[in-house]
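What follows is the residue order along each chain.
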Amino acid sequence: MTLKETLISKCYEFASERKSHIDFQMKEIKEALFEEIKSSAGDKHETGRAMLQLEREKVGNQFYEVEDMFEALNKIDVSAPSTAVHLGSLVYTSQANYFIAISAGKLEVEGQIFYAISSSTPIGKLLMAKMEGQEVNFRDQKFTIEKIA
């Protein structure tokens, strides 16, 4: 497996774990809501149901975020050459190494550390379409793109 394929695999793992957690939360909310409906009597239960509905909505939004993660990962073509930073690029800089995919945090592969970031994050937006040798300013720090793969 190539470095990119390994990183994508780790990102899929991250998204799958998030999805499992969200599925579990949704199940618990549904069960709690069912219990609330069974024992409804008065304002206290109305408030409880309203709180559970809000929680269900919040978890629903998280579910859509995870679906977006899978969608982004499915768009990555590991064989596409990278002359400029794009979705799926490995970006080696004088500060850190980045994998433009989803926001999955710090990933270690083959003794190297990469930060899996989304192209919609502040640093991701700055890196997109940049070329090797270009400088980037981020949060009062200057760094150079040394290599794009």
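Residues numbered from 1 in each chain as written. Predicted model: local features only at pLDDT ≥ 70, side-chain atom pairs only at ≥ 80, totals over all residues. Heavy atoms only, no water.

Remarks on the nonpolar core
Cut-off, in case you're wondering: In these notes, a set of buried Ala, Val, Leu, Ile, Met, Phe, Trp, Tyr and Cys residues joined through side-chain atoms within 4.5 Å is what counts as a nonpolar core. When a residue's accessible area, from a 1.4 Å probe over protein chains only, is under 20% of the maximum for its type it is buried; when over 50% it is exposed; and in between it is partly exposed. Runs of H or I in DSSP of at least four residues are treated as helices and runs of E of at least two as strands, each being numbered from the N terminus. Note on contacts: a residue pair is in contact if any heavy atoms of the two residues lie within 4.5 Å.
Grouped together as the largest cluster of nonpolar side chains are 24 residues, with contacts concentrated most on Leu 3, Leu 7, Cys 11, Leu 90, Phe 99 and Ile 102. Taken together, the elements giving at least two residues each to this core come down to helix H1 (3-38), helix H2 (43-75), strand E1 (90-93), strand E2 (97-101), strand E3 (105-109) and strand E4 (112-118). Among the elements that take part in this core, H1 stands out by supplying 7 residues, more than any other. Discounting chain neighbours no more than four positions away, the residues touching Leu 7 are Leu 90, Phe 99, Leu 107, Val 109 and Phe 114. Among the nonpolar cores identified, the runner-up in size contains 13 residues, and Val 85, Ile 123, Leu 127 and Ile 148 belong to it.

A word on the sheet that holds E2
Note the cut-off: A strand pair is defined by DSSP finding two or more bridges across the two strands. Axis geometry follows a simple rule: fit a line to the C-alpha atoms, using only the stretch in contact for helices, then measure angles between N-to-C directions, giving values from 0 to 180 degrees.
Taking strand neighbours across the sheet as the criterion, the 6 strands line up as E3-E4-E2-E1-E6-E5 in an open arrangement whose pairing is mixed. Each edge of the open sheet carries a strand with a single partner, namely E3 and strand E5 (135-138). Shown here is a sheet whose adjacent strand axes are inclined to one another by a mean of 40°, direction ignored. The sheet contact formed by E1 and strand E6 (residues 141-148) spans 3 bridges and is antiparallel. Note on E6: the bridge partner recorded for Tyr 92 is Lys 147.

With respect to the environment of Pro 122
Among the secondary structure elements, Pro 122 is positioned in helix H3 (residues 122-127). Its relative accessible area of 53% is what places Pro 122 among the exposed residues. Between the C-alpha atoms of Pro 122 and Arg 49, which are 73 residues apart in sequence, the distance is 37 Å.

Section: the packing of aromatic side chains
Here the distance between the centres and the angle between the planes together describe a pair of aromatic rings. To keep it simple, the criterion reads: Aromatic rings from Phe, Tyr and Trp, with only the six-membered ring used for Trp, were paired whenever their centres fell within 6.5 Å, and each pair was classed as stacked if the ring planes differed by under 30 degrees, edge-to-face if by over 60, and tilted otherwise. Throughout this description, the term charge over a ring refers to an Arg CZ or Lys NZ atom that lies within 6 Å of the ring centre and within 35 degrees of the ring normal.
Enumeration according to the criterion identifies 4 aromatic pairs in this entry. Summarising the aromatic geometry, the rings of Tyr 98 and Tyr 115 are spaced 6.3 Å apart at their centres and angled 45° between planes, so their arrangement reads as tilted. Linking Tyr 98 in strand E2 with Tyr 115 in strand E4, this pair joins segments that are 17 residues apart in sequence. Judged by its relative accessible area of 34%, Tyr 115 is partly exposed. The side chain of Lys 147 reaches across the aromatic face of Tyr 92, ending 5.1 Å from its centre.

Digging into unusual backbone geometry
Located in the positive-phi region is Glu 110, a residue other than glycine, with phi close to 50°. Position of Glu 110 relative to the elements: it lies in the loop between E3 and E4. Even without glycine at this site, Arg 139 takes up a positive phi of about 50°. By secondary structure assignment, the location of Arg 139 is in the loop between E5 and E6.

Focus: the environment of Lys 142
Inspection of the secondary structure puts Lys 142 in strand E6. For Lys 142 and Ser 94, which are 48 residues apart along the polypeptide, the C-alpha to C-alpha distance reads 8.9 Å. Look past the residues within four positions of Lys 142 in its chain and what remains in contact with it is Glu 135, Val 136 and Asn 137.

Focus on the pairing of E6
The pairing of E5 with E6 spans 4 bridges and is classified as antiparallel. When the sheet's bridge partners are listed, Glu 135 is paired in E6 with Thr 144.

Observations concerning the pattern of salt bridges
Put simply, the rule reads: Salt bridge, as used here, is a side-chain nitrogen of Lys or Arg placed within 4 Å of a carboxyl oxygen of Asp or Glu.
Tallied over the entire structure, the rule returns 6 salt bridges. Its salt-bridge partner being Lys 58, residue Glu 55 comes within 3.8 Å of it at the nearest N-O pair. Here Lys 58 and Glu 55 lie together in helix H2, a separation of 3 residues that amounts to about one turn. The class for Lys 58 is partly exposed, based on a relative accessible area of 45%. Note that Glu 71 and Lys 75 form a salt bridge whose closest N and O atoms lie 4.0 Å from each other. Linking Glu 71 with Lys 75, this pair stays in helix H2, spanning 4 residues, or about one helical turn. For Glu 71, a relative accessible area of 45% corresponds to the partly exposed category. Its relative accessible area of 57% is what places Lys 75 among the exposed residues.

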